[in-house]
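Coordinate analysis (summary)
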Amino acid sequence: MGSENLPVHVAIIMDGNGRWAQARGLSRISGHQEGKRNVKRIVKYAANLGIRYLTLFAFSTENWRRPKEEVNGLMEILRLGLQEERPEFIREGIKVVFFGDRSRLSEEVIREMELTEEATKFNDKLSLAFAINYSGRDDIVRAVRRIAIKIASKEINIEDIDDRLISQELDTRDFPDPDLVIRTSGELRISNFLLWQSAYSEFYFTPRFWPDFDEKEFDSAIEAYTHRERRFGGI
Ligand code: FPP
């Protein structure tokens, strides 16, 4: 596959851990554990393939509605995962960042996030973003607030507000818009993911549950993408 056709930024809604576990008579948390193992596999594969930006939807602002036990389990998987994988991120040249509102996260999780960002900030092979306590609408709400503060303090004028300025105030400001958005597990929705940023993205849906979304599946998504004709509203 020619690297010239590769998507620059791939974003993934990692769905189906719960159903994967249920189908095997396992707890939902073991499904998330398996999901974490798959994160490792796909991150490594995407980096070696030459993908420059990868965003993974790890926890949405709506996921707090799940039973406390599952929320705590997910947070613990995130915290431990970052701690355990940090040396690997450093070794592989992966720069890790986070999208989402940190204010509701525990100190312990925030600490692992900050340590990982700091330890990988000069890496330049793959930029990897974990969206944690993220939703597209919340991202836009927080951006609008920042813009309003700048207007109130006369740092900018109302006429300065345009596409580019809004993009610059979103959590994703250092990432290009996603070329390809993948959702696993057969759901055909965007579920409040990168709403503003996916205006011209190509979408790829697969019935596979996230723990089963392997290298071959990733290849199929990339392959499908390379055959799409992108017109960005032109002809
Ligand atoms: C969706 O499956 C998945 C999540 C809500 C969590 C995704 C998190 C991980 C894969 C762990 C990430 C780990 C690190 C270290 C970043 P679901 O629970 O909605 O599945 P269901 O729709 O079948 O119930």
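Everything that follows concerns the structure shown earlier in this document.
In this report, the structure presented in the accompanying data block is examined. Since the model is a prediction, treat every value here as computed from it, not as a measurement. (Residues numbered from 1 in each chain as written. Predicted model: local features only at pLDDT ≥ 70, side-chain atom pairs only at ≥ 80, totals over all residues. Heavy atoms only, no water.)

1. As for the environment of arginine 52
By secondary structure assignment, the location of arginine 52 is in the loop between α2 (28-49) and β2 (53-60). Sequence separation between arginine 52 and leucine 126 is 74 residues; the distance between their C-alpha atoms is 4.7 Å. In this structure arginine 52 touches Val8, Asp124, Lys125, Leu126 and Ser127, once residues within four positions along its chain are discounted. (Helix = DSSP H or I, 4+ residues; strand = E, 2+ residues; numbered from the N terminus. Contact = heavy atoms within 4.5 Å.)

2. Comments concerning the pairing of strand β5 (residues 180-183)
Where burial is concerned, the two faces of β5 agree: the one with Leu180 and Ile182 and the one with Val181 and Arg183 are both buried. In this structure, strand β1 (residues 9-13) lies alongside β5, joined through four bridges in parallel fashion. Along β5, the bridge assignment pairs isoleucine 13 with arginine 183. (Buried < 20%, exposed > 50% of the residue type's maximum accessible area, 1.4 Å probe, protein only. Pairing = 2+ DSSP bridges.)

3. Some points on the site of the ligand
Taken together, 17 residues surround the ligand, and among them Met14, Gly18, Arg19, Arg28 and Arg66 come closest. Interatomic distance of 3.3 Å between a backbone N/O atom of glycine 16 and an oxygen atom of the ligand. Between asparagine 17 and the ligand, the recorded distance is 3.2 Å, taken from a backbone N or O atom to an oxygen atom. Within the complex, the protein chains bury 91% of what would otherwise be the 630 Å² of accessible surface of the ligand. (Near = heavy atom within 4 Å. Polar contact = N/O pair within 3.5 Å; in protein donor to acceptor, adjacent residues only side chain to side chain. Areas by Shrake-Rupley, 256 points an atom, 1.4 Å probe, with all protein chains shown as cover.)

4. A word on the sheet that holds β1
A sheet is described by the order of its strands in space; here six strands give the open sequence β3-β4-β2-β1-β5-β6, paired in parallel fashion. Across the chains shown, the open sheet's two edge strands, defined by having one partner strand only, are β3 (94-99) and β6 (202-205). Neighbour to neighbour, the strand axes of the sheet diverge by 20° on average, direction disregarded. Pairing of β1 with β2, which is carried by five bridges, proceeds in the parallel orientation. Bridge pairing in β2 links valine 10 to leucine 54. (Axes fitted to C-alpha atoms, helices over the stretch in contact; angles between N-to-C directions.)

5. So, unusual backbone geometry
Only a minority of non-glycine residues have a phi that is not negative, and only a minority of peptide bonds are not trans. Phi angles above zero are rare outside glycine, and lysine 154 is one such case at about 65°. Within the element layout of this structure, lysine 154 appears in the loop between α5 (136-152) and α6 (163-169). Among the residues examined, lysine 154 registers a relative accessible area of 71% and is labelled exposed. Of note in the backbone geometry, phenylalanine 232 takes a positive phi value of approximately 50° without being a glycine. In this fold, phenylalanine 232 is placed in the segment after α7 (215-226).

6. With respect to the environment of alanine 148
Here alanine 148 lies in helix α5. Along the backbone, alanine 148 and isoleucine 158 are 10 residues apart, and their C-alpha atoms lie at a distance of 9.2 Å.

7. Focus: α5
In an α-helix there are 3.6 residues to a turn, and that puts residues three or four apart on one side. Here α5 is 17 residues long and its end C-alpha atoms lie 24 Å apart, about the 24 Å a rise of 1.5 Å per residue gives. Of the positions making up α5, those classed as buried are Gly136, Asp139, Arg142, Ala143 and Ile147. The buried residues of α5 occupy an angular sector of 140° when the element is viewed end-on, so they sit on one face. Of the residues in α5, the exposed ones pointing more than 90 degrees away from the buried face are Arg137, Arg145, Ile149 and Ala152. Where the residues of α5 are buried, they touch β4 (126-134) and α6. Just downstream of α5 lies lysine 154, where phi reads positive at about 65°. (Expected span 1.5 Å × (residues − 1). Arc of directions from axis to C-beta.)

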